[in-house]
Amino acid sequence: MNKCLICNNNFNPFVDFGNMPIANAFSTKKELENEYFFSMKVGFCENCNMVQLLEQPDREKMFHDNYAFFSSTSNYMISHFQKFANSVTKLQSLDQKSFVVEIGSNDGIMLQNFVSDKIPCLGIEPSKNVADVARKKGIEVITDFFDESLAARISKNYQKADAILSANVMCHIPYMHSIYEGVKTLLNNEGVFIFEDPYLGEVIEKTSFDQIYDEHVFLFSALSISYIANMHDLELIHVEHQITHGGSMRFTIAHKGAKNISQDVIDLIKREKEIGLDKNHAYLNFTDSVNKIKNDLIELLKNLKKNGKKVVAYGATSKSTTVTNYFGITPDLVECIYDTTPIKQNKYSPGAHIPVLPYDQFRDSNPDYVLLFAWNHSEEIMKKEIDFMGDQRHWITYIPNVKVI
Ligand code: SAH
Ligand code: TYD
């Protein structure tokens, strides 16, 4: 039995992925000698409806001076965060007296928009290398982990926030009560806390099991978010579906009673109950669906190898660490991974040790099949490669099921 990180209830895992490395630990040969693994199991708490990892590595093992994920590697995401920032400016009527805080600001992909509109803002980003990229864009960043005590310090040294924002960060943080207490302290009376993360409903619906890796300690639903907000005298007032990261939800939270709860929240909670996200049995078929993808993909890769086809992968994503390690995909089946991120290049993928090569070499490699690990960017990537792929080369995707395109 395990204790829920939110409500302390006992719960059991519904899927066991076995031993997993740090998803973003793209390493040199030497670094692989001391590779770290943890046991990755996922469970569902029937009391508060939170889906969560049973064990998560220490945060310093994941977020540090050499963090490998840089937000601005996708043009689509740059424009997504510009629209996100503009919507907040409009919603909160932000101006030069306002104050915006972003938790997990990475390379400044969101805050750069407030800086160019001269709206005062502050980033909180523990991974120093990505924070330094944001600083070069003129963004003020505190290199630290956001929590209750940092929120109190910011509130004292700056001012209370009109908006606290966060994208793809909340689901990384196990000490959620400290975050919500911090938000409560830092948010002004009319302020909003808006964050988005991969959405549980879609992970279950699409079997996008690769959203589960060391950093993603939680998968959120409107049910679980309203539960935790309520514990801290806060309230979920709005939800908005996003297509990013294979299907995300943007949640808006305010002080209890400060704002109206929109019909969208009521509708989403109703839908989540209809599809059974609040019941154990919704999760029981998940492992079978994952294993079907595993068997189909491995069979396909083995056949391609037997027939002498050259298979490479595209996008050294964190998600692919779950795929390669759980499925047992080694360089024998997939020769290498091409990626645009310099810090990942000429290194080896975590656990599976597939070489990661600079994207510049992708076309010269002349592949027959390309396994799309960055499937969440498929539209952007397939458009970019349409001429190169032509009729002779094929994409392989595997969410929600294995497909050759
Ligand atoms: N918001 C960006 C980055 C997401 S990656 C985007 O959507 O693209 C997750 C980021 O959260 C990393 O940069 C990591 O260093 C940061 N992070 C992890 N724990 C944090 C915490 N407690 N407080 C603030 N940032 C955190
Ligand atoms: P992403 O799917 O955003 O993240 P996660 O690590 O959360 O699973 O990562 C995209 C990766 O794909 C990143 O390493 C950059 C790479 N990439 C390319 O190489 N080329 C591209 O055109 C795009 C959009 C991404």
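Above this note sits the structure.
Sequence order as written defines the numbering, with residues in each chain counted from 1. Chain letters start at A and ligand numbers start at 1, both assigned in the order the entries are written. Totals for whole chains, interfaces and linings use all residues, but because this is a predicted model, local features are given only for residues with pLDDT of at least 70 and pairs of side-chain atoms are given and counted only at 80 or more. Calculated side-chain values reflect all of the structure's heavy atoms, with hydrogen atoms and water omitted.

Caption draft 1: Spatial organisation of the overall build of the chain. When helices and strands are counted, the chain shows 15 helices and 20 strands. Expected size for 405 residues packed as a compact globule is a radius of gyration near 22 Å; at 21 Å, the chain falls within 12% of this value. Projected onto the principal axes, the alpha-carbon positions of the chain cover approximately 65 × 50 × 40 Å. Categorising residues by exposure relies on relative accessible area from a 1.4 Å probe, with only protein chains included: less than 20% of the type maximum marks a residue as buried, more than 50% marks it as exposed, and the intermediate range marks it as partly exposed. When each of the 405 residues of the chain is scored for burial, the buried share is 58%. It only takes one pair of heavy atoms within 4.5 Å for two residues to be counted as in contact. When contacts within the chain are restricted to residue pairs at least 6 apart in sequence, long-range pairs at least 24 apart make up 69% of them. Every accessible area reported is derived by Shrake-Rupley at a probe size of 1.4 Å, with residue values counting cover from the shown protein chains alone. As displayed, the chain has an accessible area near 17100 Å², and 47% of this comes from carbon and sulfur atoms. Looking at the chain, you have 41 positive and 51 negative side-chain charges, and the mean spots of the two groups are 1 Å apart. Helix numbers and strand numbers start at the N terminus; a helix is a DSSP run of H or I with at least 4 residues, a strand a run of E with at least 2. Only C-alpha atoms enter the radius of gyration, while the globule expectation follows 2.2 Å times N to the 0.38, with N the number of residues. Only four residue types enter the tally: Lys and Arg on the positive side, Asp and Glu on the negative side, with His and both chain ends excluded. One atom stands in for each charge, and that atom is NZ of Lys, CZ of Arg, CG of Asp or CD of Glu.

Caption draft 2: Quick peek at unusual backbone geometry. With omega at 0°, the peptide bond leading from Ile399 into Pro400 counts as cis. Relative to the helices and strands, Pro400 is located in the loop between β19 (394-397) and β20 (403-404). A positive phi angle, close to 60°, is found at Lys118, a residue other than glycine. Summarising the element assignment, Lys118 is placed in the loop between α4 (111-116) and β7 (121-124). Unlike most non-glycine residues, Asn168 shows phi in positive territory, near 55°. Mapped onto the elements of the fold, Asn168 is located in the loop between β9 (161-167) and α7 (176-186).

Caption draft 3: Expanded view of the sheet that holds strand β4 (residues 37-44). A pair of strands is labelled paired if DSSP reports no fewer than 2 bridges between them. Spatially, the 4 strands line up as an open sheet ordered β3-β4-β5-β11, and their pairing is antiparallel. Of all the strands in the sheet, just β3 (13-21) and β11 (218-219) have a single pairing partner and so form its edges. Sheet strands touched by helix α13 (residues 319-327): β3 and β4. Its angle to β3, the strand with the most contacts, is close to 95°. Lines fitted to C-alpha atoms define the axes, with helix axes restricted to the stretch in contact, and inter-axis angles between N-to-C directions lie between 0 and 180 degrees.

Caption draft 4: Region of interest: the site of ligand 1. The near set for a molecule or strand comprises every residue that places at least one heavy atom within 4 Å of it. Taken together, 21 residues lie near ligand 1, and Ser71, Glu125, Ser127, Ala167 and Asn168 sit nearest. Glu125 places a polar side-chain atom, nitrogen or oxygen, 2.5 Å from an oxygen atom of ligand 1. Throughout this description, a polar contact denotes any pair of N or O atoms lying within 3.5 Å of each other; where both atoms belong to protein, one of them has to be capable of donating a hydrogen while the other can accept it, and for residues adjacent in sequence the pair is counted only when both atoms sit in side chains. At a separation of 2.9 Å, an oxygen atom of ligand 1 approaches a polar side-chain atom of Asn168. In this classification, Asp, Glu, Lys and Arg are treated as charged, Ala, Val, Leu, Ile, Met, Phe, Trp, Tyr, Cys and Pro as nonpolar, and every other residue, Gly included, as polar. The class makeup of the residues in the shell around ligand 1 is 13 nonpolar, 6 polar and 2 charged.

Caption draft 5: Inspection of the nonpolar core at higher detail. Grouped together as the largest cluster of nonpolar side chains are 97 residues, with contacts concentrated most on Phe17, Met176, Tyr180, Phe193, Phe220, Phe327 and Ile329. Counting residues per element, this core draws most heavily on helix α12 (residues 286-306), at 8 residues. With sequence-adjacent residues up to four places away left out, Phe17 is seen in contact with Met40, Val42, Phe209, Ile212, Val290, Thr322 and Tyr326. The definition of a nonpolar core used throughout is a set of buried Ala, Val, Leu, Ile, Met, Phe, Trp, Tyr and Cys residues joined through side-chain atoms within 4.5 Å.

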